[in-house]
Structure formats: C-alpha cells, structure tokens
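Residue-level listing of the chains:
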Amino acid sequence: MDMHIAQDLPVTGIDVYALPPEEGEAVLRRQLAAAYRMVDYFGWTELIYGHLTARVPGEANHFLINPFGLNYDEVTASNLVKIDVDGNPIGESNHPVNYAGFVIHSAIHMAHQARHRAVMHTHTRAGMAVAATSEGLLPISMNATAFHGNLAYHDYEGVSLEVDERPRLVADLGDKTAMMLRNHGLLTTGRSVAEAFLRLYRLERACQTQIDAGAAGTIATMGDNVAGKSRSQLEGFADSDTGGGDLEFAALIRKIDKIDTSWRN
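Residues numbered from 1 in each chain as written. Predicted model: local features only at pLDDT ≥ 70, side-chain atom pairs only at ≥ 80, totals over all residues. Heavy atoms only, no water.

A. Examining the overall build of the chain more closely. Check the secondary structure of the chain and you find eight helices and seven strands. The globule rule puts the C-alpha radius of gyration for 265 residues at 18 Å, and the 18 Å found for the chain is close to it. At a minimum sequence separation of 6, the contacts of the chain that also span at least 24 residues come to 67%. When the accessible area of the chain is evaluated, it comes to approximately 12,100 Å², of which 49% is carbon and sulfur surface. Within the chain, the 33 negative side-chain charges are centred at a point lying 5 Å from the centre of the 22 positive side-chain charges. (Helix = DSSP H or I, 4+ residues; strand = E, 2+ residues; numbered from the N terminus. Rg over C-alpha atoms; globule rule 2.2 N^0.38 Å. Contact = heavy atoms within 4.5 Å. Areas by Shrake-Rupley, 256 points an atom, 1.4 Å probe, with all protein chains shown as cover. Lys, Arg positive; Asp, Glu negative; His and termini not counted. Charge placed at Lys NZ, Arg CZ, Asp CG, Glu CD.)

In structure tokens:
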C-alpha cells in the first residue's frame, strides 16, 4: 500500500472507520505498527509468535496481521499483511502469514465486528503464569479491578490449529473484551487499536503485580464492592464512540518515536 496516503492525518485520536476506506487503512496500519513496537518495547514478545490484528475499514472482512518471521521491532505500516477471514493474503505481499495464529483472531473478529475491531494476543511470562493458576486473575490491584467480573476464560485445547475451536472461543468470550486463555496467555479486544492496547497493558500489569505479590507475602484481595467501584471509575475514562486509550497511546508513540521512527514507513 502507498503509505503516502493520509500521511498528514494524526495517528491517534481519530476514528479510522469514519474515514474513506483507503485513508482509514493507511492510518490503521500506522496505529497497528506502533502497537507492535510498543509490545516489543515492553518485552511482551515471544520470539516471532503472537499476533495483534485489526479489521480494515470498508465492507470486506479484511484484516491486518504481522508478517510471519519478522521480529516485532521489524514490523512497519507498509509490511503488515492484509488477509481475509480465513487467513488468505489479499493482494501482493513479500511475507507469509502464520495461518494457525489467525484461528483465534478470526473467531473473535467476526463475533461482534464493532466491538472487536482490534484483537491482541500475547504469550508473556506473567500472563502465562497467571493463566496457569486455578484462581486466575485476582482483584488485588487497581489494574486488576478493570477486569472485575469482566474477564472471560477459555480452556486450553492444544495449539490453536483447528477451526472447530472458533465457536467455543466465541462462546467463552461472550460479551466481554478480555479473556485469559488458560495455560496459554492473554487476549484483549477493542473498538480501536488504542483501546485494545490499553486493555492489554492493564491486564499484563495486573498479572505482573499478582506474581510479585505472591512472592512477597500473603495476597490480600479486595471485596466485590470496592473492586466493582474501581472498575466503574476506570471505565469512566473511555470515550463512548472511539474507545479509550488515546492519551496513553499517544504518549507511548512519542516514546517509541525517540527510539526509532521506522514503524511509520
């Protein structure tokens, strides 16, 4: 794709789905490429695996995904691969796609297209550790309360290679926008890349805190009333139309730009 399109538009604070499709895709590519660099910055990668995907503006069910084989710090706006709901490339690309990795994402994207425009799935050390516990995520930190009563769980069925797992993933997710894949990792969704990333940050941070607290002493959990109040307060920051996370996402873009701006290419 010609990345000179919409190059004067901001990367954050903009609804890409309200733009003409070609302009919306150009901005979306920059947003998603930035998210890959942020995941790399925080050290949430596991070699070349895991995916952050986003639905392309327009009528077709097309999505952007990372080129299989590249490190996250090698992902750019232009080398993201456009695929259909079955993981088949749309148009020309110099890079392959990990079809198996899109089984999870395709199921979630198609479940509720407006709510799950962006889907992020990681295999972090803390995320996998908490996902391996019978208790799951506990209400012991402010970040954890963001998911109080609003975190889905899906049992591990093996490497996600079988498409018949899709209905069970969707059923387990229900009307939620974050899910712990037991014995596997973390997954968040959002109406925008920024919103999905903020959820991922909070969920990852909550898992890190839980691991640290367990090593430090006896864990003290919050009551439902306090955890529920905290969740409501955190949800109040989200914009009703485009989702939350724009301010945080913009701040992180300034940070990664100081390191390397090649993600914009």
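Moving on from the coordinates now.
B. Representation of the sheet that holds strand 7 (residues 185-190) within the structure. Within the open sheet, the seven strands sit side by side as 3-2-1-4-7-6-5. Their pairing is mixed. Each having just a single partner strand, strand 3 (81-84) and strand 5 (152-154) make up the two edges of the open sheet. The mean inter-strand angle of the sheet, taken between neighbouring strand axes irrespective of direction, is 20°. Across four bridges, the pairing between strand 6 (residues 178-181) and strand 7 is antiparallel. Across the sheet, Ala178 pairs through a bridge with Thr188, a residue of strand 7. Of the strands in this sheet, strand 1 (51-55), strand 2 (62-65), strand 3 and strand 4 (118-122) are in contact with helix 1 (residues 21-42), which crosses strand 1 at around 165°. The strands touched by helix 6 (residues 193-216) within the sheet are strand 1, strand 4, strand 6 and strand 7, with strand 7 carrying the most contacts at an inclination of about 150°. (Pairing = 2+ DSSP bridges. Axes fitted to C-alpha atoms, helices over the stretch in contact; angles between N-to-C directions.)

C. Here's a closer look at unusual backbone geometry. In this model, Ala6 sits at a positive phi of 55°, which is unusual for a non-glycine residue. Counting through the fold element by element, Ala6 comes out in the segment before helix 1. For Ala6, a relative accessible area of 15% corresponds to the buried category. Positive phi, normally seen in glycine, also occurs at Asn183, with a value near 60°. Position of Asn183 among the secondary structure elements: in the loop between strand 6 and strand 7. (Buried < 20%, exposed > 50% of the residue type's maximum accessible area, 1.4 Å probe, protein only.)

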